[in-house]
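Here is what each chain is made of, one letter per residue.
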Amino acid sequence: MKGFGELEAAIMDALWRADGPLVVREVREAMIYDRDVAYTTVMTVTNILYHKGLLHREKAGRAWLYWPRETREEHTARVMSEIFSGCGDPGTTMLRFVESFSDEEMARLNDVLREVRARRTAQARSLMD
């Protein structure tokens, strides 16, 4: 999966930071972007993100309300999964990725692995009951 362009990233970031759905005018106001962007440009790119399946939308009067289909973390995890599944050797790619971790990141990874194992064990037990 291709990453976001600069404007797409600014729009998604504004929507991920928002407390709820936004109309395009609010997206434009909430964006952190190093240059002024026309309302129509933001509207076009937001519509493109909707058609790519990254945003939900709902009509609100004459405007559309937009909000992300997944959290930033869910999106990042999905992209990482796509990268690992699309590489030549997922095991080697994962090894090279983890080798770059700091000691703190390795400790966090170990905590996450313990949590996943515990959830899977609990899920397996609940299926057997």
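As shown above, the structure is provided for reference.
Residues numbered from 1 in each chain as written. Predicted model: local features only at pLDDT ≥ 70, side-chain atom pairs only at ≥ 80, totals over all residues. Heavy atoms only, no water.

What follows covers the layout of surface pockets. Of the pockets and cavities examined, the largest pocket occupies roughly 360 Å³. Along the walls of the largest pocket sit 13 residues, with Thr76, Ala77, Met80, Phe84 and Phe97 positioned nearest its centre. When residues of the lining of the largest pocket are traced back to their parent elements, those giving at least two are helix 4 (72–86), helix 5 (90–99) and helix 6 (103–128). Its residues assigned to classes, the lining of the largest pocket shows eight nonpolar, two polar and three charged. (1 Å grid on protein atoms, 1.4 Å probe; cavity = no way out; pocket = protein on both sides within 12 Å on 5 of 7 lines; lining within 4 Å. Points joined across faces, edges and corners; volume = space filled by probe spheres on them. Helix = DSSP H or I, 4+ residues; strand = E, 2+ residues; numbered from the N terminus. Nonpolar A, V, L, I, M, F, W, Y, C, P; charged D, E, K, R; others polar.)

Of all hydrophobic cores here, the largest spans 18 residues; its most connected members are Ile11, Leu15, Val27, Met31, Val42 and Leu49. Those elements that place two or more of their residues in this core are helix 1 (6–17), helix 2 (24–30) and helix 3 (39–51). With seven residues, the top contributor of residues to this core is helix 1. Setting aside chain neighbours within four positions, we find leucine 49 in contact with Phe4, Glu8, Ile11, Met12, Leu54 and Leu55. (Core = buried A, V, L, I, M, F, W, Y, C linked by side-chain atoms within 4.5 Å. Buried < 20%, exposed > 50% of the residue type's maximum accessible area, 1.4 Å probe, protein only. Contact = heavy atoms within 4.5 Å.)

Here we take up the side chain of glutamate 70. Relative to the elements of secondary structure, glutamate 70 occurs in the loop between strand 3 (63–68) and helix 4. Within the structure, the side chain of glutamate 70 is placed 3.1 Å from the side chain of histidine 75, a separation counted as a polar contact. There is a polar contact of 2.7 Å between the side chain of glutamate 70 and the side chain of arginine 78. Dropping the residues within four chain positions of it, glutamate 70 is found in contact with Trp16, Leu54, His75 and Arg78. (Polar contact = N/O pair within 3.5 Å; in protein donor to acceptor, adjacent residues only side chain to side chain.)

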